[in-house]
Amino acid sequence: MSHLHTAALKATKLNHLKQLHAQLFQRSLCSDNYWVAQLIKLCTRLHAPPTYVSRVFDSVHQPNVFIFTNILKFYSQLGAHSDVLYLFDKMQKCNVAPDAFVYPILIKASGKCGVVFHAHCIKMGHDWDRFVRNAIMDMYGKFGPLEIARELFDEIPERAVADWNAMISGCWNWGNEVEARSLFDLMPEKNVVTWTAMVTGYSRRKDLENARKYFDQMPERSVVSWNAMLSGYAQNGCSEEVIRLFNEMMSCGVCPDETTWVTVISLCSSHGDASLVEGLVKMINDKGIRLNCFAKTALLDMYAKCGNLAMSRKIFDELGTYKNLVTWNAMISAYARVGDLASARGLFDMVPEKNVISWNSIIAGYAQNGQSKVAIDLFKDMIAKDVLPDEVTMVSVISACGHLGALEFGNWAVNFLEKHQIKLSISGDNALIFMYSKCGNMKDAEKVFQSMDTRDVISYNTLITGFAAYGNAIEAVELLWKMKKENIEPDRITYIGVLTACSHGGLLEEGQRIFDSIKDPDSDHYACMVDLLGRNGKLDEAKCLIGSMAMHPHAGVYGSLLHASRVHKRIDLGEFAASKLFEIEPENSGNYVLLSNIYASARRWEDVDRVRGLMTIGGVKKTTGWSWIEHEGEMHKFIVGDRSHERSADIHRVLSETEKKMRLAGYMADTSCVLKDVEEEEMEEMVGTHSEKLAVAFALLVTEPHSVIRVVKNLRICRDCHTAIKIISKMEGREIIVRDNNRFHSFSEGQCSCKDYW
C-alpha cells in the first residue's frame, strides 16, 4: 500500500496516473472508495480528460462524500458548472450528506443563484466555516447586493487576508474604487492576491497608470500578478507594452502559466503578425512548454487569423478528447472566416453541445459569404431549439435580411429584439439601417439613424448608400455635410456613396465638385465619376478622365464607360471599353452580354454571334438572371421562363392575362435586349417570361390588393421589364419596388422613381 501512496504522490504525467490505475486493477482496488477518491484528486491535478474521470467515478456503486467532493472539485476546475450542480443533485439522491468542503464549490458553480446555498449553509450550521463564509462573500461581491457582503465582512471577529481580498474584489466589481482603496489602506496584512486585486481593478477601469503603479510597488509578484498586468495592457490595446512586459517577466525567471500564454497568444492572434507568431511558437518549443487546452485553443485561433488553417486543424485534431466548446467554436469560426462553409458546417453538426457562440459562428459564416437564406434558416433552427440569440446573432440575421430584401422577416426579427429585450449597440443600429435601406424602406432606415445617440462613419455610409440606391442625391449630399459638421471624417466609402447618388440623381456639377474635393481619389471614385459623366451623355469627357488617371484603371472604370456606351448607343466607345474589360476580367460574362446588347440594338447580328463565339472559346457562361420575392416568411425564386414553381400554371395564367391588359393599354414589347436573330414573335416570348415579370405575377396572385410588391433581382432590370412594370403598377394600383444589382426602382401610377434615368 505504501508503494501505491508513493506512486500517487510522485505522479506528474497522465501515463503515471494510468499506471497507478492499472496497479489498482491488479489489486482489485479500482472500486475502493478511498482509492477512487485519490484517483479523481490526481486527475484534477494532472488535468485528465473528462471522459476518463467520468469512467473512474462510474466504477463505484456507492460513492462516499470524499469521492463526491473530489469529482465536484474536478468539474469546478474545468468551469463545468452545470456538471457540478448535476453531481450535487446525484449526491443528494445517493443520500450522501455534504460536508463544509462541498459548499464553496457549489456556491461558485451556482453564480448569482448561490444565495440558495447561503440559506442552506445557515440551516446546516456551515455559514461560520471560514472557507464557506469567504465563498458566500465572494458570491455577493460578484453578483450583489454588495451590501450583504459588507455586512458579513463587518460581522467577522477575526478577518483573514482572504476575507479582505474578497471584499476589495467585490468593491472593484461594482466600480467602487474609493471603497476598494480605503479597504486596501486599512488592511493590516496584505498578500500577493491583495496587490493583484488592485492591479486588476484599475486595469478594468482603463486606469493603466495606477494599475502599473500598484504592480511596480508589489513586494512580491506571482505569475497571477504578471498575468493581471499583461491582461490589463492587452484588454486596452497596448500591444507593445504586453510584449515588453512579457519579455521582462521571462528575464525575471517567472515561468508563464496557461493564462499568460492565452493572453500573449491571443494578442498575436489579433495582430495577425506572422513573424511575431513564429517567434512566439519558437519560444514555446525551445522551452518545451506543454500548453493546456485553453492555450492551445488560443494558438489554434492565432494560426487561423494568420491564414494557416492547416496548423489550426492540426492542433484541433491533436487535442482529441481535451477539446472544449471554445475549441470547437474557434475552429468553426476559422473555417467560416475564410469561406470554407462545408468544413465549418461539418464541425458545427458534430459539436456535442452547442451554445450561442457556436450558432453565431456558423450563422455569421453563411451571412458573410453570400448565403443569406441559409443563415436565416439556421437562425430559425436556433430559435426552434430554444437557444436565445444575442446581439451578435441578430446583427448577422438582420444583415442577411437586408441582402435578401426580406423585409417581412426583418420586421419579425425587430419584433423579436423588442420582445426579448436584446439591446443593440451602434453596430446593431447600423445593421438595421442597412436592412431597411436594402429592403427599400428608407423611411424606417432614416428613423433608426435619427434615433441613434451616437453615430459613426458606418452609420452615415450605410444611410448614404441607401439614398444613393434610390437616387436621392440631395439627401445623400446633405448627409455628407452633416457628418462633417459632427466632426466625423468621411472615408472612401462615403465618397463612393455620395458620387453614386449624384450619378443616379443626375447632379453632374455637384458630383464634379465633390470629386474634386477628394484628396486622393482611388479607382472606385473615378469609376463613379465616369458613370456620372456617361449618364449625362459626356462619354468623350469620361474617356479623357480615364486617360488622366494616375493609377491603372480597374474593371469598374471601364464597366461604367461600357454601360454608358450602351445607353447612348456609342458602339466605338463600347468596343474600346469592352476590349479593356476582356483583358482585365476575361471570365466576366456581363461584359460580353453588354457588348452584345450594343450590337443587338444596332441589329448587327454577325457581331453578336462573334461575341458569343468569344464566350464559347473562353468557356465563359452567361450569368443566369433570377428574381425572388418574399411571401409568408419564405423566399420564392424565379429564372427566365421558369415553370418549376409549385404554382407555375397559375403564375403563367396571371402573366398572360396581365399582358393582354397591357397591350390594350398600348404596351409593345421591347426586344432590343434579345441576343438572337430570331422572329419578332419569338423575341417577345423571350422577354415576356423574364424572372422579374414572373415574380410580379406571383405577387399579384398571392398578395392582398393594393399591398406593396418587393422584388430583388441579381442583374440589371431590362428596358422591356422596366416599361412593363410601370404599366402594371398603374393598372393594378400597386407600388412595385424592384431592387436590381445597381439601384432601386419604385414603380407607382405608371412612373418609376428613377425617372427612366438608369
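Residues numbered from 1 in each chain as written. Predicted model: local features only at pLDDT ≥ 70, side-chain atom pairs only at ≥ 80, totals over all residues. Heavy atoms only, no water.

What about the nonpolar core?
Counting 215 residues, the largest nonpolar core has Ile168, Ile265, Leu280, Ile363 and Met435 as its most contacted members. Contact partners of Ile265, with chain neighbours within four places excluded, come to Leu280, Ile284, Leu291, Ala295, Ala298, Leu299 and Met302. Of all hydrophobic cores here, the second largest spans 29 residues; its members include Leu694, Val711, Phe747 and Cys752. (Core = buried A, V, L, I, M, F, W, Y, C linked by side-chain atoms within 4.5 Å. Buried < 20%, exposed > 50% of the residue type's maximum accessible area, 1.4 Å probe, protein only. Contact = heavy atoms within 4.5 Å.)

Here's the deal with the pairing of strand β5 (residues 744–748)
Taken across its five residues, β5 has four buried, putting it largely inside the fold. Between strand β4 (residues 736–739) and β5, which follow one another and run antiparallel, lie four residues. From the end of β5 to the start of strand β6 (residues 751–752), which pair antiparallel, there are two residues, and Glu749 there has a positive phi angle of about 55°. (Helix = DSSP H or I, 4+ residues; strand = E, 2+ residues; numbered from the N terminus. Pairing = 2+ DSSP bridges.)

Description of the environment of Leu186
As for its position among the elements, Leu186 is in helix α12 (residues 177–186). Taking the C-alpha atoms as reference, Leu186 lies 52 Å from Tyr460; in sequence the two are 274 residues apart.

A few points about the UniProt feature "repeat: PPR" (unreviewed entry) in the protein
On the UniProt side, "repeat: PPR" (unreviewed entry) is annotated at positions that read residues 64–98, 191–221, 222–256, 324–354, 355–389 and 456–490 here. In this annotation, residues 324–354 is assigned 74% helix and 0% strand; the end-to-end C-alpha distance for the span is 11 Å. (UniProt positions renumbered as here; feature names shortened; annotations may be inferred.)

Some thoughts on the packing of aromatic side chains
Following the criterion strictly, the structure yields 26 aromatic pairs and no others. Ring geometry for Phe184 and Tyr214: centres 5.4 Å apart, planes at 80°, overall edge-to-face. Residue Phe184 is located in helix α12, and its partner Tyr214 is located in helix α14 (residues 208–217); the two are separated by 30 residues in the primary sequence. Of the two residues, Phe184 and Tyr214, both sit in the buried class. Here Trp626 and Trp628 contribute two aromatic rings whose centre-to-centre distance is 4.9 Å and whose plane-to-plane angle is 40°, an arrangement assigned as tilted. Given the relative accessible area of 22%, Trp626 is considered partly exposed. (Phe/Tyr/Trp six-rings, centres within 6.5 Å; stacked < 30°, edge-to-face > 60°.)

What to know about the sheet that holds strand β2 (residues 634–639)
Within a sheet, neighbouring strands are paired by backbone hydrogen bonds and run either parallel or antiparallel to one another. Taken together, the six strands give an open sheet; going across it, the order is β2-β1-β3-β4-β5-β6, and neighbouring strands pair in mixed fashion. The strands lining the two open edges of the sheet, one partner per strand, are β2 and β6.

Here we look at the pattern of salt bridges
A full pass over the atoms with the stated rule returns 36 salt bridges. Between Lys373 and Asp377 there is a salt bridge, with the nearest N and O atoms lying 3.3 Å from each other. Here Lys373 pairs with Asp377, and both are found in helix α24 (residues 372–384), just four residues apart, close to one helical turn. Judged by relative accessible area, which is 29%, Asp377 ranks as partly exposed. Each of the salt bridges in this network shares a partner with another, and the network as a whole consists of Arg150, Asp154, Arg159 and Glu179. (Salt bridge = Lys/Arg side-chain N within 4 Å of Asp/Glu carboxyl O.)

A word on helix α5 (residues 65–78)
Helix length check: α5, at 14 residues, gives a terminal C-alpha distance of 20 Å against a target of 20 Å (1.5 Å per residue), a fit within 8%. Here α5 lies mainly inside the structure; ten of its 14 residues are buried. Those residues of α5 not exposed but buried are Val65, Ile67, Phe68, Thr69, Asn70, Ile71, Leu72, Phe74, Tyr75 and Ser76. Against α3 (33–46), α4 (50–58), α6 (81–93) and α7 (102–110) lie the buried residues of α5. Positive backbone phi, approximately 80°, marks Gly79, located one or two places after α5. (Expected span 1.5 Å × (residues − 1).)

Points about helix α37 (residues 589–601)
It helps to recall that an α-helix has 3.6 residues per turn; residues three or four apart then point in one direction. Taking 1.5 Å of rise per residue, 13 residues should cover 18 Å, and α37 covers 18 Å from first to last C-alpha, within 8% of that figure. Here α37 lies mainly inside the structure; eleven of its 13 residues are buried. On its buried face, α37 is in contact with α35 (555–567), α36 (571–584) and α38 (605–618). At the N-terminal end of α37, a side-chain oxygen is found 2.9 Å from the backbone nitrogen of Gly590, two or three residues along, and the residue is Asn588. Following α37 by one or two positions, Arg603 has its phi on the positive side, about 60°. (Polar contact = N/O pair within 3.5 Å; in protein donor to acceptor, adjacent residues only side chain to side chain.)

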